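# Descriptive analysis of the structure
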Amino acid sequence: MTVTRFAPSPTGKLHIGNIRTAILNWLFARSTGGRFVLRIDDTDVERSEERYVDSIRADLDWLGLTPDHEERQSERFALYERRFDDLRAAGRIYPAYETQQELELKRKILLGRGLPPVYDRAALSLSDADRAKLEVEGVRPHWRFKLDPGAIEWHDLIRGPQHFDAATMSDPVIRRADGSWLYMLPSVIDDVEMGISHVVRGEDHVSNTALQLQMFAAMNAPLPTFAHAALLTGAEGKLSKRLGSLGVEHFREEGIEPQAIVALLARIGTSDPVEPFVDPSPLIAAFDFARFGRAPARFDEGELAQLNARIVHQLDFAAVADRLPAGMDRAAWEAIQPNLTTIAGAADWWHVVEGPISATADPEDRDFLASAHRIAGEIDWTGDPWHALTNALKDATGRKGKPLFLPLRRALTGMDHGPDMAALLPLIGRDRALERLPSG
C-alpha cells in the first residue's frame, strides 16, 4: 500500500512551500488508494510549541487534507535510542569532538585551497585514551553517521536518475553534544517504522536523500521511492521572503477558498492546466509525477485570486450559507455570485440590495428617470420587472442600449456595473426601486 507522510516541524506556522508539499503527498496517497500520515517532527523540544501543532492540524483540516494517521517524534525517543545504539555497535555512528569554531576553520582552509569542504574524519583517528582525555576535560561529543564510499544512486519520480559520490559528502551530524536529535536519522527511522512507501518533498532535500539512503541500507530497511518537486518561485523569478512566509491565515484573510489553493498548488510546475476544481476528485484522478517538470514552479498571487473567483462562481448556496449576510437567500446568492471574487464580497452587494445607497443622476437623465419612476409604479412586479421596465421605457423615450440601461443601473444600485439587473431588481423590490428613482 502507498503510504506518504507530511512532516512539518511545529516551530512556526505552515507556509506556502510546505502547504504544497502536504497537498502533493495527500493527492498521491488518494490517487493510489493509500494512506496519508501527518508526522509532527518535534524533536527540537526548545523551539517546538503546542500552538503550532494545533495550527498545523487546523490548517490541514481547512484545506481538506485531513490525515489518516498522526505521529509525534517527541513520543518516539526510545525508538531512536535503540536504533542509535545498534548503528553505533555496527560502526556506522561515531563520536566527534571538534567545536563549531574548529569545524568552521577547517572548512575555510579547504575552500581556500579550492577543495570541497568535506569533513576529514579526524575523530576516527582518536584513540580510546584521546577520547577519555577529552571526556575528562568535559568535552561532550556530537555524533556523525559514517558514509560508505562509492556511488549513491536512485531514480527520482520527478528528477529522474540521481547520482552522488559519497567521497564528496561529509559524514552528517545526526546528534548534538547535548543529546538532542537533528533531522536526518530520526526521519529515516520513522519512515522505516511507519512503512512510508513514498517520500515526497522539495528539491532542497535531494542531497539529504543521498545521505539518508545509506541510513536505510545500514538498517537493512527497504528503500522508499522518492519524488523531489521543484521549488516555488514568485513572479520575479524567486520566492521572496514575503511569499515564503505566506500561510493559511493570510489566504483566509484575503478571502481565498481552500479549493483554490489546492487546485493551484496541485498543478503549478506540471504540464497540466490549472483549473478551478471545487471537488478535488479530478485532481486526484489525474495526479501523476511524470507530469511534473524540473523547472521552478511559479506561484502568482494574482493567478490564485483569479482562480478563487472561478471557484466562488461554482459554489452552491448550501456550501456558503453560513458565511453570507443575514437575510440573504439562495435567489440573492445566485444573482450576486457571478460578480464575486470572494465570499466576503457578498456583503457589499447585499448592501446594494437593501440600501441605503448613494446615487447621483446626470441632469440630462432626470426626465428619463422620472419616466422610469412612473412606469416602475405601474408594471407587474411578480414576473420579470426589469424587462417590463426597460421595454416600456424604450417605447416611451426611444432610448436603447447603454443610454437606456446605464442611468437605470446607476439610480437603482449606485454602481456603473454589477450583477444582471434582471436578477437584481426583484431583490431590490418595488418600494426600494421607487425610492431610488427620482420622481421629477
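Just so it is clear, the structure is predicted and the values come from calculations on it, not from any experiment.

## Section: the side chain of Ser197
The residue Ser197 is located in the loop between α6 (184–193) and β9 (198–202) in this model. With near-sequence residues (within four places) excluded, Ser197 lies in contact with Met1, Thr2, Val3, Pro224 and Thr225.

## Looking at the pattern of salt bridges
Two side chains of opposite charge can pair, provided their charged atoms sit close to one another. One pass over the structure, following the stated rule, counts 34 salt bridges. The partner of Asp120 in a salt bridge is Lys106, with the nearest N and O atoms 3.2 Å apart. Remark: Lys106 occurs in helix α4 (residues 100–112) and Asp120 occurs in the loop between α4 and α5 (128–136); sequence separation between them is 14 residues. When its relative accessible area of 47% is taken as the criterion, Asp120 is described as partly exposed. Salt-bridge contacts for Glu378 lead to Arg374; the nearest nitrogen and oxygen are separated by 3.7 Å.

## With respect to empty space enclosed by the protein
Under the defined criterion, the tally for this structure stands at 1 cavity of 30 Å³ or more. Here the largest cavity defines a volume of roughly 70 Å³. Lining the largest cavity, in full, are Leu27, Ala266, Arg267, Thr270, Asp272, Leu283, Ala286, Phe287, Asp288, Arg291 and Phe292. Those elements that provide at least two residues to the lining of the largest cavity are α10 (258–267) and α11 (281–286).

## Focus: the packing of aromatic side chains
Following the criterion strictly, the structure yields 13 aromatic pairs and no others. Centroid distance Phe84 to Trp181: 5.7 Å. Interplanar angle 80°. Geometry classified as edge-to-face. Of this pair, Phe84 sits in helix α3 (residues 77–89) while Trp181 sits in the loop between β8 (173–175) and α6; the two residues are 97 residues apart in sequence, bridging distant segments of the chain. When sorted by exposure, Phe84 lands in the same class as Trp181, which is buried. Lying across the ring of Trp181, Arg175 places its NZ or CZ 4.0 Å from the centre. Between Arg399 and the ring centre of Phe368, over which it is positioned, the NZ or CZ distance is 4.3 Å.

## Quick look at the sheet that holds strand β3 (residues 69–72)
Sheets are built from strands that pair by backbone hydrogen bonding, the pairs being arranged parallel or antiparallel. Spatially, 3 strands are ordered β1-β2-β3 in an open sheet, and the strand pairing comes out parallel. Looking along the sheet, the strands with just one partner apiece sit at the ends: β1 (3–6) and β3. Neighbour-to-neighbour, the strand axes of this sheet turn through a mean angle of 30°, independent of strand direction. Looking at chain direction, strand β2 (residues 35–40) and β3 are connected through 4 bridges and run parallel. Counterpart to Val37 in the pairing with β3 is His69. Helix α1 (residues 16–31) rests against β1 and β2 of the sheet, and its axis sits at about 165° to β1.

## Digging into the pairing of β9
Most of β9 is tucked away: 5 of the 5 residues are buried. Bridge count between β9 and strand β10 (residues 225–229): 5 bridges; the pairing is parallel. Across the sheet, Arg201 pairs through a bridge with His228, a residue of β10. Handedness of the β9-helix α7 (residues 206–218)-β10 crossover: right-handed.

Analysis parameters
- Residues numbered from 1 in each chain as written.
- Predicted model: local features only at pLDDT ≥ 70, side-chain atom pairs only at ≥ 80, totals over all residues.
- Heavy atoms only, no water.
- Helix = DSSP H or I, 4+ residues; strand = E, 2+ residues; numbered from the N terminus.
- Contact = heavy atoms within 4.5 Å.
- Salt bridge = Lys/Arg side-chain N within 4 Å of Asp/Glu carboxyl O.
- Buried < 20%, exposed > 50% of the residue type's maximum accessible area, 1.4 Å probe, protein only.
- 1 Å grid on protein atoms, 1.4 Å probe; cavity = no way out; pocket = protein on both sides within 12 Å on 5 of 7 lines; lining within 4 Å.
- Points joined across faces, edges and corners; volume = space filled by probe spheres on them.
- Phe/Tyr/Trp six-rings, centres within 6.5 Å; stacked < 30°, edge-to-face > 60°.
- Lys NZ or Arg CZ within 6 Å of the ring centre and 35° of its normal.
- Pairing = 2+ DSSP bridges.
- Axes fitted to C-alpha atoms, helices over the stretch in contact; angles between N-to-C directions.
- Right-handed = clockwise from strand over helix to strand, strands pointing away.

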